[in-house]
Amino acid sequence: MSEPPTPRGQRLVTPYAFIDTEAFRAAGLDWQSRTWSSLIDLASKSTLEPITTSITTREVEARLSEALAEAEAAAKKHDAIFGQLGQSGPFGDTDPADRKALLHARFREFLATAKFTEIPLVADHKAIFDDYFAGAAPFGEGKKKSEFPDAFVLSSLLAWIRPGRPRIYVVGKDPDLVKFCEGRGDLIQLDSVAQLLSLALASAQLLKRLEAHVRGDASLRERLRARLNSYRPRRVDIEVEDVEFFDLEISSVFLVDESEEGQDFVLEVEVLAEVEADVRETGHEYVISRRGEPDLDIRTYHARPTSSAVIYVEVLVSEDDSGEEPALVTTDWAITSGDIEIKLPSQFSRREITLEAR
């Protein structure tokens, strides 16, 4: 006799979850997205009890400031176009400092809504410096001083653990963080927020069924490949043609949200792929003539570089019970990851080109 299915939400071994700065960034900084809305819902039910530190909060705010600066710089390049449309750009006449303050305030509001607990910074200074001089995680080879914030965060997590809360999920795949958690029973490392949500939402049987459906959906894979092949470079100073994605492979499938009736499921699907393109660049190069004099020569470089890409896809799957047996159908999907980079050979003036959706 087979065992009854595991109730949803029972695969979590602890409700406590620390989310690293890298995981915040990888999951997107849009606090109204499906991922973060699902986390808020689970926190409201106490299924998850997310935790953070003042260091992590300030690091995420720094990432938000960097993203804002990039957006402002991109908008500045198109001032002439906005002017011809009679507009002052996407930011209007707002003050840059006010924009930054608003972004930080929205993030703080999200932390409060999702019931994040900010744990105190309690660091074992001796242990931290012992790890630093020994080159142990999170410092590693070269005793990287930039890892001191992570060291203080991890030390504080360990200090927060007590008999009533013996284990914590640590969400993020920074290599030094992963290495620090290896072999420990008290810090359970997960790669992504989606993986955490999947543990909280789905029984092993349900997730296995959803994953089998996505992996077996050849139409989804072909449509995804066609969409990716329409990507084009962000800038045109280098000629890029014949972009092609191939060897698409589904790496992981996680459930990040579901309807109250349990018939509609939102999945985050991680897809690995190879991408290549014809790249040409024409430029000038100083050469020495036969007379020994410098001269300008026009050179054209051509290559078809190949790079690996990680693409995140949000897939909506629904249960269709119109037939004799319930079946799963893919009803919608969208690429949620950002731009894709192709690294260029050394002879080109740039190290990489950025592909984006068109």
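Analysis parameters
- Residues numbered from 1 in each chain as written.
- Predicted model: local features only at pLDDT ≥ 70, side-chain atom pairs only at ≥ 80, totals over all residues.
- Heavy atoms only, no water.
- Helix = DSSP H or I, 4+ residues; strand = E, 2+ residues; numbered from the N terminus.
- Buried < 20%, exposed > 50% of the residue type's maximum accessible area, 1.4 Å probe, protein only.
- Lys, Arg positive; Asp, Glu negative; His and termini not counted.
- Salt bridge = Lys/Arg side-chain N within 4 Å of Asp/Glu carboxyl O.
- Contact = heavy atoms within 4.5 Å.
- Axes fitted to C-alpha atoms, helices over the stretch in contact; angles between N-to-C directions.
- Parallel < 35°, antiparallel > 145°, perpendicular 65-115°, else oblique.
- Left-handed = near helix turned anticlockwise from the far one by under 90°.
- Nonpolar A, V, L, I, M, F, W, Y, C, P; charged D, E, K, R; others polar.
- Pairing = 2+ DSSP bridges.
- Phe/Tyr/Trp six-rings, centres within 6.5 Å; stacked < 30°, edge-to-face > 60°.
- Lys NZ or Arg CZ within 6 Å of the ring centre and 35° of its normal.
- Polar contact = N/O pair within 3.5 Å; in protein donor to acceptor, adjacent residues only side chain to side chain.

S.K.: Help me understand the side chain of E281 in this model?
M.R.: Mapped onto the elements, E281 comes out in strand 8 (residues 264-288). The charged side chain of E281 is buried without a salt bridge, its nearest counter-charge being R350 at 7.1 Å. In contact with E281, other than residues within four places in its own chain, are I238, R299, T300, Y301, F348 and S349.

S.K.: Please explain the pattern of salt bridges as it appears in this structure.
M.R.: A side chain with one charge may pair with a side chain of the opposite charge, provided their charged atoms come close. Scanning all chains against the criterion turns up 14 salt bridges. The partner of R209 in a salt bridge is E319, and the shortest N-O contact between them spans 2.8 Å. Here the residue R209 occupies a position in helix 10 (residues 204-215), and E319 occupies one in strand 10 (residues 306-320), the gap between them amounting to 110 residues. Under the relative-accessibility criterion, R209 is labelled partly exposed at 33%.

S.K.: I tried to follow unusual backbone geometry on my own but got confused; where do I start?
M.R.: What is expected of a backbone is that most residues other than glycine have negative phi and most peptide bonds are trans. Phi angles above zero are rare outside glycine, and K115 is one such case at about 60°. Residue placement: K115 occurs in the loop between helix 5 (96-113) and strand 3 (117-118). Positive phi values are uncommon outside glycine, yet D247 reaches one of about 55°. On the basis of relative accessible area, D247 is assigned to the exposed category, the value being 57%.

S.K.: Is there a simple way to explain the packing of helix 2 (residues 34-44) against helix 9 (residues 193-201) in this structure?
M.R.: When two helices pack together, their arrangement is given by the angle between the helix axes and the distance between those axes. At a minimum axis distance of 11 Å, the contact between helix 2 and helix 9 shows a crossing angle of 40°. With respect to their mutual orientation, helix 2 and helix 9 come out oblique. Note that helix 2 runs across helix 9; the crossing there is left-handed. Where helix 2 approaches helix 9, its residues T35, W36, S38, L39 and L42 are matched on the opposing element by V193, L197, A200 and L201. Residues of the contact of helix 2 with helix 9, tallied by class, amount to 7 nonpolar, 2 polar and no charged.

S.K.: Where do I start with the environment of E66 in this structure?
M.R.: As for its position among the elements, E66 is in helix 3 (residues 54-76). Taking the C-alpha atoms as reference points, E66 and K100, 34 residues apart in sequence, are found 9.7 Å from one another.

S.K.: Would you take a moment to explain the sheet that holds strand 13 (residues 352-356) for this structure?
M.R.: Pairing between the strands of a sheet is mediated by backbone hydrogen bonds and can be parallel or antiparallel. Taken together, the 3 strands give an open sheet; going across it, the order is 6-13-12, and neighbouring strands pair in antiparallel fashion. In this open sheet, the two edge strands, each paired with only one partner strand, are strand 6 (232-233) and strand 12 (340-343). Across 4 bridges, strand 12 lies against strand 13 in antiparallel orientation. The residue bridging E341 from the neighbouring strand is T354, located in strand 13.

S.K.: When you look at the packing of aromatic side chains in this model, what are you seeing that I'm missing?
M.R.: Centre distance and the angle of the planes are the two values used to describe a pair of aromatic rings. With the rule as written, the count across this model stands at 13 aromatic pairs. Seen in terms of ring centroids, F110 and F116 are 5.9 Å apart; in terms of plane orientation they differ by 55°. Their pairing is tilted. A single burial state applies to F110 and to F116, both of which are buried. Within the aromatic cluster, the residues linked to one another by ring pairs are F24, W31, W36, F107, F110 and F116. Over the ring of W160 we find R165; its NZ or CZ atom is 3.8 Å from the centre of that ring.

S.K.: I tried to follow the side chain of T330 on my own but got confused; where do I start?
M.R.: Mapped onto the elements, T330 comes out in strand 11 (residues 327-335). Among the polar contacts made by the side chain of T330, one reaches the side chain of H213 at a distance of 2.9 Å. In contact with T330, other than residues within four places in its own chain, are H213, D217, R223, V315, L316 and V317.

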